[in-house]
Amino acid sequence: MFGYIDVRERSVNSRTVYMEIYGGNKVSYRVTSGQMMRYGSESKTYGVEIEDHNSGGTASIMDFSADIEDAVDFAELLVSEQCMPPQLYAMALKYLYISI
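Reading the values: the criteria
Residues numbered from 1 in each chain as written. Predicted model: local features only at pLDDT ≥ 70, side-chain atom pairs only at ≥ 80, totals over all residues. Heavy atoms only, no water. Helix = DSSP H or I, 4+ residues; strand = E, 2+ residues; numbered from the N terminus. Buried < 20%, exposed > 50% of the residue type's maximum accessible area, 1.4 Å probe, protein only. Contact = heavy atoms within 4.5 Å. Areas by Shrake-Rupley, 256 points an atom, 1.4 Å probe, with all protein chains shown as cover. Axes fitted to C-alpha atoms, helices over the stretch in contact; angles between N-to-C directions. Parallel < 35°, antiparallel > 145°, perpendicular 65-115°, else oblique. Left-handed = near helix turned anticlockwise from the far one by under 90°. Nonpolar A, V, L, I, M, F, W, Y, C, P; charged D, E, K, R; others polar. Phe/Tyr/Trp six-rings, centres within 6.5 Å; stacked < 30°, edge-to-face > 60°. Patch = residues over 30% accessible without salt bridge, like charges linked within 9 Å, V, L, I, M, F, W, Y side chains within 5 Å. Salt bridge = Lys/Arg side-chain N within 4 Å of Asp/Glu carboxyl O. Lys, Arg positive; Asp, Glu negative; His and termini not counted. Charge placed at Lys NZ, Arg CZ, Asp CG, Glu CD.

**Comments concerning the overall build of the chain**
For step 1, the next point in the chain: In terms of helices and strands, the chain carries two helices and four strands.
For step 2, the next point in the chain: Reading the helices (α) and strands (β) of the chain from amino to carboxyl end gives β-β-β-β-α-α.
For step 3, the next point in the chain: The C-alpha extent of the chain, read off along each of the three principal axes, is 45 × 35 × 30 Å.
For step 4, the next point in the chain: Counting every position in the chain, which comprises 100 residues, the buried fraction comes to 34%.
For step 5, the next point in the chain: Contacts in the chain between residues at least 24 apart in sequence constitute 37% of all its contacts with a sequence separation of at least 6.
For step 6, the next point in the chain: Total accessible area on the chain is roughly 6800 Å²; 53% of this is exposed by carbon and sulfur atoms.

**A closer look at the packing of helix α1 (residues 68-80) against helix α2 (residues 88-99)**
For step 1, the next point in the chain: The geometry of α1 relative to α2 is characterised by a closest axis approach of 11 Å and an angle of 120 degrees between their N-to-C directions. On the basis of the axis angle, α1 is oblique to α2. Crossing handedness for the pair α1 and α2: right-handed. Counted together, Asp-70, Asp-73, Phe-74, Leu-77 and Leu-78 of α1 and Leu-88, Met-91, Ala-92 and Tyr-95 of α2 form the full contact between these two elements.
For step 2, the next point in the chain: Of the residues contributing to the contact of α1 with α2, the split by class is seven nonpolar, no polar and two charged.

**Things to note about the packing of aromatic side chains**
Each aromatic ring pair is summarised here by two numbers: the centre-to-centre distance and the angle between the ring planes.
For step 1, the next point in the chain: Counting across every chain of the model gives four aromatic pairs.
For step 2, the next point in the chain: Geometrically, the ring pair formed by Phe-64 and Phe-74 is stacked, given 4.5 Å between the ring centres and 10 degrees between the ring planes. Taken together, the positions of Phe-64 in strand β4 (residues 58-65) and Phe-74 in helix α1 put the pair 10 residues apart, joining distant regions of the chain.
For step 3, the next point in the chain: Between Phe-64 and Tyr-95, the ring centres sit 5.9 Å apart and the planes meet at 50 degrees, which makes this aromatic pair tilted. Placement of the pair is Phe-64 in strand β4 and Tyr-95 in helix α2, with a sequence separation of 31 residues.
For step 4, the next point in the chain: Aromatic ring contacts, followed pair by pair, group Phe-64, Phe-74 and Tyr-95 into a single cluster.

**Looking at a negative patch on the surface**
For step 1, the next point in the chain: Together, Asp-67, Glu-69, Asp-70, Asp-73 and Glu-76 give the surface a local cluster of negative charge.
For step 2, the next point in the chain: Relative to the assigned elements, Asp-67 resides in the loop between β4 and α1.
For step 3, the next point in the chain: Relative accessible area serves as the criterion here: at 32%, Asp-67 is assigned to the partly exposed category.

Such coordinate-based values are descriptive only and should not be taken to indicate function.
As structure tokens, then:
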């Protein structure tokens, strides 16, 4: 049976770069910090971005985690695996699998 799904747009406000690593493969890995409305109150959230300086490709997960340690740990995994922008979501699933 199909039903109505209420999808509210979630946007991250006041984004700043918390940490940036420039990898040997000319790819920047960033952990960002921002504010997001959750359940009627504003809370801090951390995101992850990858930018390939060779091709210009980018990928990001703006609200990766509410815990800075998880976001930094995930960014370190991306650097060690030399992840490229198209691989970001697959790596996020891999990180979720490892961390559970």
